[in-house]
Amino acid sequence: MASEAEVRLRERLSKLGGMKLLRGTKLSGELERLQDQLDRLRSEPTAEEIWHSVELARHQDRPYTLDYVERILDDFFELHGDRGRADDPALVAGLGTLSGRTVVLVGHQKGRDLKERTKRNFGMAYPEGYRKAMRAMALADRHGFPLITMIDTPGAYPGVAAEQHGQGGAIARSQATMARLSVPTVACVIGEGGSGGAVAVAVADRVLMQEHAIYSVISPEGCAAILWRDAAEARKAAAAFKPDAAHCLELGVIDGIVAEPEGGAHTDPDDAAQLLEQGILEALEEIESLDPVERRRQRRAKYRVMGVLAQG
């Protein structure tokens, strides 16, 4: 029996296939993209393939937010601080030019070596990071700049200090801020999309995932520790809750999968960046034509139906 996601993709393919081509349209590219996603759904990933995606999502050489910024944005200017307490290096924010348009970008940054990873807290943000992100979001909304977010974090930092500074409230306010934005928003899961730390900057009009990224409410190790009291059962947990891109698309929590170079994004960061840029631009073109009020309405409707139990 075809999944709901497969049915939706088939319907969209059918509608686009029956439309007459107009000058300047890119229907052929859209048809190819949707057919590729449909093919991915039809080939159900095995437990081994799911775990392989987990490993690739965490690969130490995988491109991070600033690696993509360097390749796809011109004139990037980074913003620092939450204008209240501190600057959180785990989340970077700034302005740049993407294919001729000014955009605001927010993204997690893990760090390459031990020194940088310690400084950036392995991409796990404190409340100050989410307040900085909200500052950037407000700037985008005020000036009419599209917002791009890049997600790559095991989760928000769970330490005592973060809780004392209002971690849960900061995550909730960040989500609410994104839901209210009038500008086009595109979120991209480029590595690990873990729990509230990811969702805080992922309430977007379009959510994309790279082919070997993962997106889940808990890590495989955390899930295994809860269910089997043994983090070593992470592989079994991942096979059960399926955090890979194909299954996230099937569940409807993302809107598209961005292909990666063979072997993963780390094998050819330049090609990976080009593919990601293409995916972002296609998503922006799809939503920029919408009236801001309608854009907000569709965004809220999209997230309100997620997780709703449909009895058949």
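First, a word on what this report is: a plain description of the structure on this page. Not measured: the values here are computed from a predicted model.

1. Observations concerning the packing of helix 10 (residues 220-227) against helix 11 (residues 234-241)
Following both chains from N to C, one finds helix 10 and helix 11 inclined at 100 degrees, their axes separated by 8 Å at the closest point. Viewed along their axes, helix 10 and helix 11 adopt a mutual orientation that is roughly perpendicular. Across the interface between the two elements, Pro220, Glu221, Cys223 and Ala224 of helix 10 pack against Ala234, Ala237, Ala238 and Phe241 of helix 11. Classifying every residue of the contact of helix 10 with helix 11 by side-chain character gives seven nonpolar, no polar and one charged.

2. What about the nonpolar core?
In this structure, Val106, Tyr130, Met137, Met209, Tyr215 and Ile254 are the most contacted members of the largest nonpolar core, which totals 42 residues. Broken down by element, the residue count for this core peaks at seven residues, all from helix 6 (residues 127-143). In this structure Tyr130 touches Leu91, His108, Ala125, Ala156, Gln167, Ala170, Ile171, Gly197 and Ala200, once residues within four positions along its chain are discounted.

3. Some remarks on a nonpolar patch on the surface
Judged by side-chain polarity, Ile226, Leu227 and Trp228 come together as a nonpolar surface patch covering roughly 330 Å² of accessible area. Tracing the chain through its elements places Leu227 in helix 10.

4. Description of the pattern of salt bridges
Taken as a whole and judged by the stated rule, the model has 19 salt bridges. Across the salt bridge formed by Arg85 and Glu128, the nearest N and O atoms sit 3.0 Å from each other. Taken together, the residues span a long stretch of sequence, with Arg85 in the loop between strand 1 (74-79) and strand 2 (91-98) and Glu128 in helix 6 at a distance of 43 residues. Residue Glu128 is classed as buried on the basis of its relative accessible area of 4%. Ionic pairing is found between Arg206 and Glu286, a salt bridge with its closest N-O pair at 3.3 Å. Remark: Glu286 occurs in helix 13 (residues 269-288) and Arg206 occurs in strand 6 (residues 206-210); sequence separation between them is 80 residues. The class of Glu286 is partly exposed, set by a relative accessible area of 29%. Several salt bridges converge on common partners, so that one network encompasses Arg58, Lys110, Asp152, Glu192 and Glu221.

5. Points about empty space enclosed by the protein
Under the defined criterion, the tally for this structure stands at one cavity of 30 Å³ or more. Of the volumes computed, that of the largest cavity is approximately 60 Å³. Arg58, Pro154, Glu192, Gly193, Gly194, Ser195, Ile214, Ser216, Ile218, Ser219 and Pro220 are the residues that line the largest cavity. For the lining of the largest cavity, the secondary structure elements donating two or more residues are strand 5 (185-194) and strand 7 (214-216). Taken together, the residues of the lining of the largest cavity break down into four nonpolar, five polar and two charged.

6. So, the pairing of strand 4 (residues 147-153)
Burial within strand 4 is extensive, with seven of its seven residues counted as buried. Sheet analysis places strand 3 (residues 101-108) next to strand 4, joined by four bridges and oriented parallel. Paired with Gly107 across the two strands is Met150, which belongs to strand 4. Two elements, strand 4 and strand 5, share six bridges in a ladder whose sense is parallel. Across the sheet, Ile151 pairs through a bridge with Val189, a residue of strand 5.

7. Description of helix 10
For helix 10, the set of buried residues is Pro220, Cys223 and Ala224. Angular distribution of buried residues about the axis of helix 10 spans 100 degrees; they occupy a single face of the element. Buried positions along helix 10 lie against helix 3 (47-57) and helix 11. Arg229 lies just past helix 10 and shows a positive phi near 55 degrees.

8. Some points on the packing of helix 8 (residues 167-180) against helix 14 (residues 292-304)
With their axes 8 Å apart at the nearest point, helix 8 and helix 14 run at an angle of 135 degrees to one another. Compared by their axis directions, helix 8 and helix 14 come out oblique. Where helix 8 abuts helix 14, its residues Met178, Ala179 and Arg180 lie against Arg296, Arg299 and Arg300. A class-by-class count of the residues in the contact of helix 8 with helix 14 yields two nonpolar, no polar and four charged.

Analysis parameters
- Residues numbered from 1 in each chain as written.
- Predicted model: local features only at pLDDT ≥ 70, side-chain atom pairs only at ≥ 80, totals over all residues.
- Heavy atoms only, no water.
- Axes fitted to C-alpha atoms, helices over the stretch in contact; angles between N-to-C directions.
- Helix = DSSP H or I, 4+ residues; strand = E, 2+ residues; numbered from the N terminus.
- Parallel < 35°, antiparallel > 145°, perpendicular 65-115°, else oblique.
- Contact = heavy atoms within 4.5 Å.
- Nonpolar A, V, L, I, M, F, W, Y, C, P; charged D, E, K, R; others polar.
- Core = buried A, V, L, I, M, F, W, Y, C linked by side-chain atoms within 4.5 Å.
- Buried < 20%, exposed > 50% of the residue type's maximum accessible area, 1.4 Å probe, protein only.
- Patch = residues over 30% accessible without salt bridge, like charges linked within 9 Å, V, L, I, M, F, W, Y side chains within 5 Å.
- Areas by Shrake-Rupley, 256 points an atom, 1.4 Å probe, with all protein chains shown as cover.
- Salt bridge = Lys/Arg side-chain N within 4 Å of Asp/Glu carboxyl O.
- 1 Å grid on protein atoms, 1.4 Å probe; cavity = no way out; pocket = protein on both sides within 12 Å on 5 of 7 lines; lining within 4 Å.
- Points joined across faces, edges and corners; volume = space filled by probe spheres on them.
- Pairing = 2+ DSSP bridges.
- Arc of directions from axis to C-beta.

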